[in-house]
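One letter stands for each residue in the lines below.
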Amino acid sequence: MKKIYKTIGLIAVCALVTVGCQQTQEQEEEEKQPEAVVIENEEDTDVPEEDASAETDEAEDSQEEPEKEEVTVTIYSSNANADGFVTETVNTTDLTAQWLLDQLSAREVIPADVQALSCEVTEADGIKSLNLDLNQAFATFMQSSGTTGEYISLGSVCNTFLDAYGCEQIKITVEGGVLSTGHTEYTGYLGRFE
């Protein structure tokens, strides 16, 4: 009978040890779970750092884009007697050929349907030059002007563009071809009009 009690005792001890081991394993697993949460929390804290670096990158990108500087442009137009020029200075941050043409149109130097097809600063014979290509509306307008009107309109366009782009001479073409007004064919570069 003692053997039975010993065997039962031994089984009970083994059962207790097994239960104890299981509880120990469960406790270890429970202890490991908070560590896993801590690791996840550390990863979560990395996300804002990435967001912060993304914000820094965005700030750097916006700093790389140069702010457009305001420039002062002189717009030429006819005086009251139509025998000379008057000037007006205008500020802009968006200097384009079309913007200049719109300014000239607002002062009734050219019609509103005149458009710039291209405008390129270049160098011709060592001189800073401007090549301006306009649409057919410009040639049509110039052909309908008398010689004085042609001089004032063409001079206003030339002087305005030369001043705006800092060039010494300008070549005006119409849709890639020679500007012909009926009075003159403008095949080469033009300087400032006085």
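See the structure printed just above.
Residues numbered from 1 in each chain as written. Predicted model: local features only at pLDDT ≥ 70, side-chain atom pairs only at ≥ 80, totals over all residues. Heavy atoms only, no water.

Thoughts on the packing of helix 3 (residues 136-143) against helix 4 (residues 147-165)
Let me state the cut-off plainly: For helices, the fitted line uses only the C-alpha atoms of the stretch in contact; every axis is such a line through C-alpha atoms, and the angle between N-to-C directions lies from 0 to 180 degrees. Numbering of helices and strands runs from the N terminus, with a helix taken as a DSSP run of H or I at least four residues long and a strand as a DSSP run of E at least two residues long. Whether two residues are in contact is decided by their heavy atoms: any pair within 4.5 Å suffices.
The interhelical angle for the contact between helix 3 and helix 4, taken along N-to-C directions, is 145 degrees, at an axis separation of 9 Å. The residues of helix 4 that touch helix 3, namely those facing Phe138, Phe141 and Met142, are Glu150, Ser153, Leu154 and Val157.

Observations regarding the nonpolar core
Using the following cut-off: In this text, buried Ala, Val, Leu, Ile, Met, Phe, Trp, Tyr and Cys residues form a nonpolar core when linked through side-chain atoms within 4.5 Å. Three labels apply to residues, based on accessible area from a 1.4 Å probe with only protein chains included: buried if under 20% of the type maximum, exposed if over 50%, partly exposed otherwise in between.
Residues Phe138, Leu154, Phe161, Ile170 and Ile172 are the most contacted members of the largest nonpolar core, which totals 36 residues. For this core, the secondary-structure elements that each account for two or more residues are strand 1 (71-78), strand 2 (85-92), helix 2 (97-106), strand 4 (127-134), helix 3, helix 4 and strand 5 (169-174). When residues of this core are assigned to their parent elements, the largest contribution, eight residues, is made by helix 4.

Notes on the side chain of threonine 181
Selection rule: Whenever two N or O atoms come within 3.5 Å, that pair is a polar contact, provided that in protein one can donate a hydrogen and the other can accept it, and provided that, for residues adjacent in sequence, both atoms are side-chain atoms.
Here threonine 181 lies in the loop between strand 6 (177-180) and strand 7 (185-186). A distance of 2.9 Å separates the side chain of threonine 181 from the side chain of glutamate 150, its partner in a polar contact. The contact partners of threonine 181, leaving out residues within four places of it in the chain, are Met142, Gln143, Glu150 and Tyr186.

A word on unusual backbone geometry
The phi dihedral of alanine 82 is positive, around 60 degrees, even though this residue is not glycine. As for its position among the elements, alanine 82 is in the loop between strand 1 and strand 2. Positive phi is not limited to glycine here, since aspartate 125 has a value of about 55 degrees. With respect to the secondary-structure elements, aspartate 125 resides in the loop between strand 3 (116-124) and strand 4.

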